[in-house]
Amino acid sequence: MWFISDSSRDSSVADITCRTMAARHLLFVALVVLVAHSSEAVKARYDNYKVYRVIPANKEQVKLLQEIEESNNGFSFWTSATQKGKPTDIMVPPHKLPEAENMFNVFNLEHSIMVENVQRLIDEERPIKKFRSGAGFGWDDYYRLDDIYDWLDSLAAQYPDKITTVIGGQSYENRQIKGVKYSAGGTGKKIIFVDGGMHAREWISPAVNTYMLNQIVTSQDPDVRALVDSFDWYFFPVINPDGYEYSQTTDRNWRKTRGPGNIFCTGTDPNRNYGYQWSTIGASDNPCSETYHGSGPFSEVETKSFSDFITPLGNDIVLYLSLHSYSQVILFPMGYTDQHLPDYDNMLAAGQKAKEAMATRYGTAYDVGNIVDVLYPASGSNLDWVKGVFNTPLPYVFELRDTGRYGFILPADQIIPSGEETFDALLALTKYAQTQ
Ligand SMILES: [Zn+2]
């Protein structure tokens, strides 16, 4: 309080000094507590967050949903609005639920609830381990970056004549983008390149990437061996390592890199930051957007260093596969234009083979098509870049399981079946690549 009466001045001065000292002490204690807290990550919680599925009935509703996404007003779009009749999934925090319901009703948007409580999905995503298994790496759980990298190193140690670890780049927080090259020997082979973990929260992507790498190295099937060994392979399970770690330690729903944006928001969407037709369409200049394209083409160290690594290999890459989730679609370029490329039919034909192979084991249904036709225009993707710069014959994105029941938070017991069916699809593409 600022007012002090005359009669109480002396004692009050002492009082104030005392209070000031006490306040300083309190401030000091608070700072110590803050520092102590900031050194250990506090995980974001998603108690009672719901995911709504909204189905736009017409173009106006699609546009409205896209405007709501771009406004960044607290609704988190797990999938963007694309076309009329195609669902978009929106995560809503509990305090915004009445606002969301009101908005859906006012604009007459068809909606239902896909996920009742996001935190419950997070809590049930991973197996309960009774004890810390010392058994090492596997596909019954999602693993931290260091575990994945240790496993890559162990593969190189176990198969020194076939596997070499390679550093494909680095991250803003100085982590390596580590991968492996697999080669059964010989020269002049075409390259198949498989990346994963570009978007941090899409955990099934690194898991399927390593599952398939393990199959490439260990499969005893003579047909698979002959097919696989006719190519050289590169696997990079986590090309956004900072984001992936952040999604493990701090925020399960993190998507972007961890580089600086503005004072309010962190990170860039690496899949809008590649330097081919950068920022022409379907990317945001707002650092708070999930599709922020960065301050310039290749402004992010992850995309710059990784593309520098790929460039000398570019003309030898026959098949480039980038693993994302979710929605079960197989996509090919371009993303920046609705014009079909001259080899559209070829990319579609190979994509159809992948789709058929994907369904054979468990009946898992995928859609296949050009990025713009199936989703929406988006510029600055790595797929447009490899196609645009190297004219790679077979560039694909697989948006892996599922179709929204769990979304990004796919239970770990789906890693192996996802890995199996995706490897079937990869083999179908590999067989097709032999004809290119
Ligand atoms: Zn993604």
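Before reading on, note that the structure itself is shown above.
Not measured: the values here are computed from a predicted model.

Novice: What am I meant to see in the side chain of Ser-289 here?
Specialist: Looking at the element boundaries, Ser-289 is found in the loop between helix H8 (241-249) and helix H9 (301-310). With sequence-adjacent residues up to four places away left out, Ser-289 is seen in contact with Glu-70, Asn-72, Lys-256 and Ser-284.

Novice: What is the right way to read the side chain of Gln-328 from this model?
Specialist: Tracing the chain through its elements places Gln-328 in the loop between strand S9 (317-325) and strand S10 (329-332). In terms of polar contacts, Gln-328 uses its side chain to reach the backbone carbonyl oxygen of Ala-365, at 2.8 Å. Contact partners of Gln-328, with chain neighbours within four places excluded, come to Thr-364, Ala-365, Tyr-366, Asp-367, Glu-399, Leu-400, Arg-401, Asp-402 and Thr-403.

Novice: Could you clarify how one ought to interpret the packing of aromatic side chains in this entry?
Specialist: What characterises a pair of aromatic rings is the spacing of the ring centres plus the angle enclosed by the ring planes. Inspection of every chain in the model, using the stated rule, returns 28 aromatic pairs. Taken together, a centroid distance of 5.9 Å and an interplanar angle of 75 degrees make the contact between Tyr-234 and Phe-309 edge-to-face. Taken together, the residues Tyr-234 in strand S8 (residues 232-236) and Phe-309 in helix H9 connect sequence positions 75 residues apart. In terms of burial, Tyr-234 and Phe-309 fall into one category: buried. One aromatic cluster is present, built from ring pairs that chain together Phe-193, Tyr-234, Phe-236, Phe-306, Phe-309 and Tyr-320. The ring of Trp-254 carries Arg-258 above its face, with NZ or CZ at 4.6 Å from the centroid. One residue, Arg-405, lies across the ring of Tyr-406, its end atom 4.4 Å from the ring centre.

Novice: Quick question: what am I supposed to make of the coordination of the zinc ion here?
Specialist: For a metal with four tetrahedral donors the ideal donor-metal-donor angle is 109.5 degrees, whereas six octahedral donors ideally subtend 90 or 180 degrees. Within the protein, the atoms that donate to the zinc ion are His-199 (ND1), Glu-202 (OE), Glu-202 (OE) and His-324 (ND1), at distances of 2.0 to 2.3 Å. Around the zinc ion, the four donor atoms are arranged such that angles at the metal cover 56 to 148 degrees; this shape is classified as irregular. Here the donor residues for the zinc ion map to a single chain with the spacing H-x2-E-x121-H. Here His-324 lies in strand S9 and Glu-202 lies in the loop between strand S7 (191-195) and helix H6 (204-218), a separation of 122 residues in the sequence.

Novice: Help me understand unusual backbone geometry in this model?
Specialist: Most peptide bonds adopt trans geometry, and most residues besides glycine take a negative phi value. A cis amide bond, omega 0 degrees, links Ser-325 with the succeeding residue Tyr-326. Counting through the fold element by element, Tyr-326 comes out in the loop between S9 and S10. The amide bond that connects Arg-401 to the next residue, Asp-402, takes the cis arrangement and shows omega of 0 degrees. Take Asp-402: it is sitting in the loop between strand S12 (394-400) and helix H13 (415-433). In this structure, Gln-277 takes a positive phi of about 55 degrees despite not being glycine. Mapped onto the elements of the fold, Gln-277 is located in the loop between H8 and H9. We classify Gln-277 as partly exposed; its relative accessible area is 32%. For Phe-298, which is not glycine, the phi dihedral falls at a positive 55 degrees. Within the fold, Phe-298 resides in the loop between H8 and H9.

Novice: Just to check I follow, could you spell out the nonpolar core for this structure?
Specialist: The nonpolar side chains of a soluble globular protein tend to be buried, and buried together. If you look at the biggest cluster of nonpolar residues, it comprises 62 residues, and the most contacted ones within it are Met-212, Trp-233, Tyr-396 and Phe-398. Excluding its chain neighbours within four sequence positions, the residues that come into contact with Met-212 are Val-194, Phe-235, Leu-321, Leu-323, Gly-419, Thr-422, Phe-423 and Leu-426. In this structure, Ile-177, Ile-310, Trp-385 and Val-397 belong to the second largest nonpolar core, which totals 26 residues.

Novice: For this particular structure, what's the right way to read the pairing of strand S1 (residues 50-55)?
Specialist: Across a regular strand the side chains alternate sides, sitting on one face of the sheet and then on the other. Here S1 lies mainly inside the structure; five of its six residues are buried. Pairing of S1 with strand S3 (residues 88-92) involves five bridges; the strand directions are antiparallel. Its bridge partner being in S3, Val-54 is matched across the sheet by Thr-88. Pairing of S1 with strand S4 (residues 110-115), which is carried by five bridges, proceeds in the antiparallel orientation. Bridge pairing in S4 links Ile-55 to Glu-110.

Novice: Where do I start with H8 in this structure?
Specialist: Count 3.6 residues to each turn of an α-helix, and residues three or four apart come out pointing the same way. Most of H8 sits out of view: seven of its nine residues are buried. Among all positions in H8, only Pro-241, Asp-242, Gly-243, Tyr-244, Glu-245, Ser-247 and Gln-248 are buried. Residues of H8 that are buried make contact with helix H5 (145-158), strand S6 (176-182), H6 and H9.

Novice: For this particular structure, what's the right way to read the sheet that holds S9?
Specialist: Pairing between sheet strands relies on hydrogen bonds along the backbone, with the strands arranged either parallel or antiparallel. Strand order across the open sheet formed by eight strands is S5-S6-S8-S7-S9-S12-S10-S11, with mixed pairing between neighbours. Of all the strands in the sheet, just strand S5 (163-170) and strand S11 (367-370) have a single pairing partner and so form its edges. Averaged over all adjacent pairs, the angle separating strand axes in this sheet is 20 degrees, with direction ignored. Against the sheet, helix H10 (residues 344-360) engages S10, S11 and S12, with an angle of about 35 degrees to S12.

Reading guide: rules and limits
- Residues numbered from 1 in each chain as written.
- Predicted model: local features only at pLDDT ≥ 70, side-chain atom pairs only at ≥ 80, totals over all residues.
- Heavy atoms only, no water.
- Helix = DSSP H or I, 4+ residues; strand = E, 2+ residues; numbered from the N terminus.
- Contact = heavy atoms within 4.5 Å.
- Polar contact = N/O pair within 3.5 Å; in protein donor to acceptor, adjacent residues only side chain to side chain.
- Phe/Tyr/Trp six-rings, centres within 6.5 Å; stacked < 30°, edge-to-face > 60°.
- Buried < 20%, exposed > 50% of the residue type's maximum accessible area, 1.4 Å probe, protein only.
- Lys NZ or Arg CZ within 6 Å of the ring centre and 35° of its normal.
- Donors = N, O, S within 2.8 Å, 3.2 Å for Na, K, Ca; no water.
- Tetrahedral: all angles 85-135°; square planar, octahedral: opposite > 155°, others 65-115°.
- Core = buried A, V, L, I, M, F, W, Y, C linked by side-chain atoms within 4.5 Å.
- Pairing = 2+ DSSP bridges.
- Axes fitted to C-alpha atoms, helices over the stretch in contact; angles between N-to-C directions.

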